[in-house]
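Secondary and tertiary structure notes
Chain by chain, the residues run as shown.
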Amino acid sequence: MPEYHVSLVEFVPSRASRRAYIPNTSIDSSPDTDVKKRYVQRRWRRDPNGKTLVPQLLPPGKHTSNGTDLWGETLLDFYWTYRIPSPFLQIPIVISGSKMAAWVRELGELDWAKDELEWADHIEGSPVEVLPYDIGGLIEDFEMKVAVASCTGMGRTSVEGGGTPASAPSESESTQCLKSPFDPSSYPSPWPLLPFSGCPPLLQKRLPRHLLPHKLVVHDPWDLLAAEGAGDESDAKWTSVPDRILKYQLHLTESTESYQSIQKYPDIQEVPCAKEVTKPRLSEDDIKIFWPNIDVSASSLPSPPIMVRLPARPPPPISISEAHLYLSPAHYIGEGNHSIVYDAEWELPRSLLVGDILCLECISDNVRDVVKGGGGELLTGEICFTGQRQGVEAAPYSITEPSSSRLVGDPLSSKNTSTATTVHKVHVGEVEGSQDSERSRREEHLHEISPAATMYDGLYKGPIIRVGTMAEWQNPERGPYCTHIQQRNRCTRVPLTVKVRVAAKLSIEHDPHLAAEAQNYESFSSHLFEHWNGLNVMEPLFHPVPVGAVVPQYYGCYVPENMGDQSDRKEMYLSPILLLENCGVPIEPEKLGIDDREECASLFFRFHRANWVHGSVAPRNVVVQDGPLTEPPGCRQSATKSFRLIDFGRSQVCDYWRARATEEDRVNSLFEQTVPSGKKFTTVPALRY
């Protein structure tokens, strides 16, 4: 057995100690592979005369989309307990706090584990899907580096053109509607970059099936699509051979096509009008609050805050018609019995990965002009804000729509909302004195919108000035960015396309595995692609493991189109292309710690729970990369690994338990045999279903 001890001793951690157990979903695996760090430490006390715990009769606990009830936010949310509480027949099991808390409430065992119940009710969080680091931000960072290199004269050999910043477009140019983002006129200098001249970010974002490009233009100068094996061209340069362009089209199964049409044109449900809703709650995406300058020691504001209703975000694209793919033998990843994989550059329309931008500086300038001109509507209401807010914008925690019937209260109630006192009364439409005097009083206090002092948690009740804004969401496809964004990005124009890196998998001729793998990807349950916070206890393991994605993100299968038109190449084989997320390199099990081996095994067990068998259990089909994926690539560490299964050409749907059990034995054998000194990780069932 590995060097750790599990005893049913009472362990009640303090609230402060919980921070140390928030995953860091893959706890640091030290070079000593025999040391286990991810295990259940707490005990849930039972009434010695209590009832027997029957798994089939337990109420559900918190769970992610994979349906496994044994979920916890941290290691401290899992417990050892006894199925039969009698001291003469004690069977230890592992259970999650939320599931156990729901069960003891049904039984009335509330006096035996008060601390555990309080922890489950008030301290443990809820399952939340987590997303990889924003690809749009990584793309903008990459573009800024290119712009800086172009301005300083660095990297000019990597770009086409003179390598100088683009001049501002004319009015006619900015309003011109381009036929395609790939039109040559849509590329400002120094773009387009030569393929593989830079290092664009990895695409790890999940794309909806209806947004997969319908047409793929493949640039293959070295005839890699013939899939005849990798040659010795690791130093191949893109300009050394003429480009070869081929056209491919997206190939989807019938079930995926029907899913695509549903996602592309969803039913639109009517939203109740604001007048029909009492005190609607506005989110941080709907409004922006501008606070006036105040003294932190003051008990009231010198002038009302300004509430700006932000414009609605434009809808996302409903389809992508075209994309480009670049292949080079210098970016060879690996080769198997049936396929060859390359690290490819995928060029997509910018709007697919980089969202529209709403410039706060433009909003601030517009609000200042409106207030100086005496515009805006004076209302009364309340604003609940939390945390320390610095600067002119204070994003509220919640906003109640101002009501004309509410009286004005204390302009600033800090940290203690129960001490509000009425200062004066103003109804909407009523002002103290003449309209001109009121307008001048507001202008006197608000003519400058500058960084404000720190705002503390509390509730503001009082007058609010509500104004509209002429600022709009910006997208280069509709025109150039404003000067604020141009200065931040250090370039006046950006291309309408972006490049990202993906894994392009090619099939050897007459091999059916790639087509079967594409169909399997389109049939996988959604939860196999999702990353979630927290941990699961996954049968037959009985220690928690992270709840990351099981399989790579799938970006479509593409096949050649109009092969009959290419008379000079009709006898040449062209492989279909499977585009996937590049999830790292194959594992070396003997170099992994016990926790990491359990996590790798859990991927197969989760795959089995989704009624699939992999069909090829081998170290080459489990890949690893630095994590966590929520961090920028430069901040990821090898101590926090992220694992994924790959190669599903032999995978099959299987409801027969014996077939899954046979593959489960292979998984146990694979990871047990690699433990030094003959030690194995334990796979004794916990709470079986």
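Residues numbered from 1 in each chain as written. Predicted model: local features only at pLDDT ≥ 70, side-chain atom pairs only at ≥ 80, totals over all residues. Heavy atoms only, no water.

**Concerning empty space enclosed by the protein**
Under the defined criterion, the tally for this structure stands at four cavities of 30 Å³ or more. Reported here for the largest cavity is a volume of approximately 190 Å³. Lining the largest cavity are 20 residues, with F142, W191, L193, V498 and K499 positioned closest to its centre. Of all elements in the fold, only α3 (135–152), β13 (339–349) and β18 (497–507) reach the threshold of two or more residues within the lining of the largest cavity. Broken down by class, the residue content of the lining of the largest cavity amounts to 13 nonpolar, three polar and four charged. (1 Å grid on protein atoms, 1.4 Å probe; cavity = no way out; pocket = protein on both sides within 12 Å on 5 of 7 lines; lining within 4 Å. Points joined across faces, edges and corners; volume = space filled by probe spheres on them. Helix = DSSP H or I, 4+ residues; strand = E, 2+ residues; numbered from the N terminus. Nonpolar A, V, L, I, M, F, W, Y, C, P; charged D, E, K, R; others polar.)

**Digging into a nonpolar patch on the surface**
A surface patch of nonpolar side chains, about 360 Å² in accessible area, is lined by F88, L89 and I91. One can find L89 in the loop between β3 (78–82) and β4 (92–96). (Patch = residues over 30% accessible without salt bridge, like charges linked within 9 Å, V, L, I, M, F, W, Y side chains within 5 Å. Areas by Shrake-Rupley, 256 points an atom, 1.4 Å probe, with all protein chains shown as cover. Salt bridge = Lys/Arg side-chain N within 4 Å of Asp/Glu carboxyl O.)

**A word on the pattern of salt bridges**
Tallied over the entire structure, the rule returns 21 salt bridges. E530 serves as the salt-bridge partner of R206, at 3.8 Å between the closest nitrogen and oxygen. Here R206 is found in the loop between α4 (171–175) and β6 (215–219), whereas its partner E530 is found in the loop between α10 (513–523) and β19 (531–532), with 324 residues between them in sequence. Looking at R206, the relative accessible area reads 34%, which means it is partly exposed. Exposure remark for E530: the relative accessible area of 10% places this residue in the buried category. Note that E517 and K505 form a salt bridge whose closest N and O atoms lie 2.8 Å from each other. Taken together, the residues span a long stretch of sequence, with E517 in helix α10 and K505 in strand β18 at a distance of twelve residues. Each member of the pair, E517 together with K505, is buried. Among the ionic contacts, a cluster of salt bridges with common partners joins K36, D595 and E598. (Buried < 20%, exposed > 50% of the residue type's maximum accessible area, 1.4 Å probe, protein only.)

**Observations regarding the pairing of β6**
For β6, a buried count of four out of five residues is recorded, marking the element as mostly surrounded by other parts of the structure. Alignment of β6 against strand β11 (residues 322–326), held across five bridges, turns out to be parallel. Counted as the bridge partner of K215 is E322 from β11. (Pairing = 2+ DSSP bridges.)

**Comments concerning the nonpolar core**
Counting 42 residues, the largest nonpolar core has L216, W346, L353, I577 and L579 as the members making the most contacts within it. Not counting residues within four places of it along the chain, the set of residues in contact with L579 comprises L216, L325, W346, V502, A503, A504, Q553, Y554, Y555, G556 and Y558. (Core = buried A, V, L, I, M, F, W, Y, C linked by side-chain atoms within 4.5 Å. Contact = heavy atoms within 4.5 Å.)

**A word on the packing of helix α1 (residues 97–107) against helix α2 (residues 114–123)**
The N-to-C vectors of α1 and α2 enclose an angle of 120 degrees; their axes lie 9 Å apart at closest approach. In terms of their interaxial angle, α1 and α2 are classed as oblique. Once α1 is placed against α2, the crossing between them reads as left-handed. The residues of α2 that touch α1, namely those facing G97, S98, A101, V104 and R105, are L117, A120 and D121. Here the contact of α1 with α2 is built from residues that sort into four nonpolar, two polar and two charged. (Axes fitted to C-alpha atoms, helices over the stretch in contact; angles between N-to-C directions. Parallel < 35°, antiparallel > 145°, perpendicular 65-115°, else oblique. Left-handed = near helix turned anticlockwise from the far one by under 90°.)

**What to know about the sheet that holds strand β27 (residues 637–645)**
Pairing in this open sheet of three strands is antiparallel, and the strands run β24-β26-β27 from one edge to the other. Of all the strands in the sheet, just β24 (585–586) and β27 have a single pairing partner and so form its edges. Note: β24 against strand β26 (residues 622–627), two bridges, orientation antiparallel. Bridging across to β26, P586 finds its partner in V623. Those strands touched by helix α11 (residues 594–609) are β26 and β27, and its axis lies near 25 degrees from that of β27.

**Observations regarding α2**
Buried within α2 we find E116, L117, W119, A120 and I123. Looking at the buried positions of α2, the neighbouring elements they touch are β1 (42–43), β3 and α1.

**Some remarks on the pairing of β3**
By the criterion of burial, β3 is predominantly enclosed, with five of the five residues buried. Side-chain alternation along β3 places F78, W80 and Y82 on one buried face and Y79 and T81 on a second face that is also buried. Where β1 meets β3, two bridges bridge the pair, whose relative direction is parallel. Residue R43 lies in a different strand from β3, and its bridge partner there is W80.

**Some thoughts on the packing of aromatic side chains**
A full pass over the atoms with the stated rule returns 16 aromatic pairs. With centroids separated by 5.0 Å and ring planes inclined at 85 degrees, the aromatic side chains of W44 and Y79 adopt a geometry described as edge-to-face. Here W44, found in the loop between β1 and β2 (71–72), pairs with Y79, found in strand β3; they are 35 residues apart in sequence, far enough to count as distant. Residue W44 is classed as buried on the basis of its relative accessible area, which comes to 1%. Using a relative accessible area of 0% as the deciding quantity, one classes Y79 as buried. Between the aromatic rings of F524 and W612, the centroid separation amounts to 4.8 Å while the plane-to-plane angle is 85 degrees, which identifies the pairing as edge-to-face. Of the two residues, F524 sits in the loop between α10 and β19 while W612 sits in strand β25 (residues 612–613), which places them 88 residues apart along the sequence. An identical accessibility class is assigned to F524 and W612; each is buried. Among the aromatic residues, those joined into a cluster by ring pairs are Y521, F524, F529, Y554, F607, W612 and F648. (Phe/Tyr/Trp six-rings, centres within 6.5 Å; stacked < 30°, edge-to-face > 60°.)

**Section: the sheet that holds strand β20 (residues 535–536)**
Adjacent strands of a sheet pair through backbone hydrogen bonds, lying either parallel or antiparallel. Spatial ordering of the open sheet is given by β2-β20-β21, a layout of three strands whose pairing is antiparallel. In the strand order of this sheet, the two ends are held by β2 and β21 (545–546), each with one partner. In this sheet, β21 lies alongside β20 in antiparallel orientation, the contact comprising two bridges. Bridge assignment links L535 to a residue of β21, and that residue is P546.

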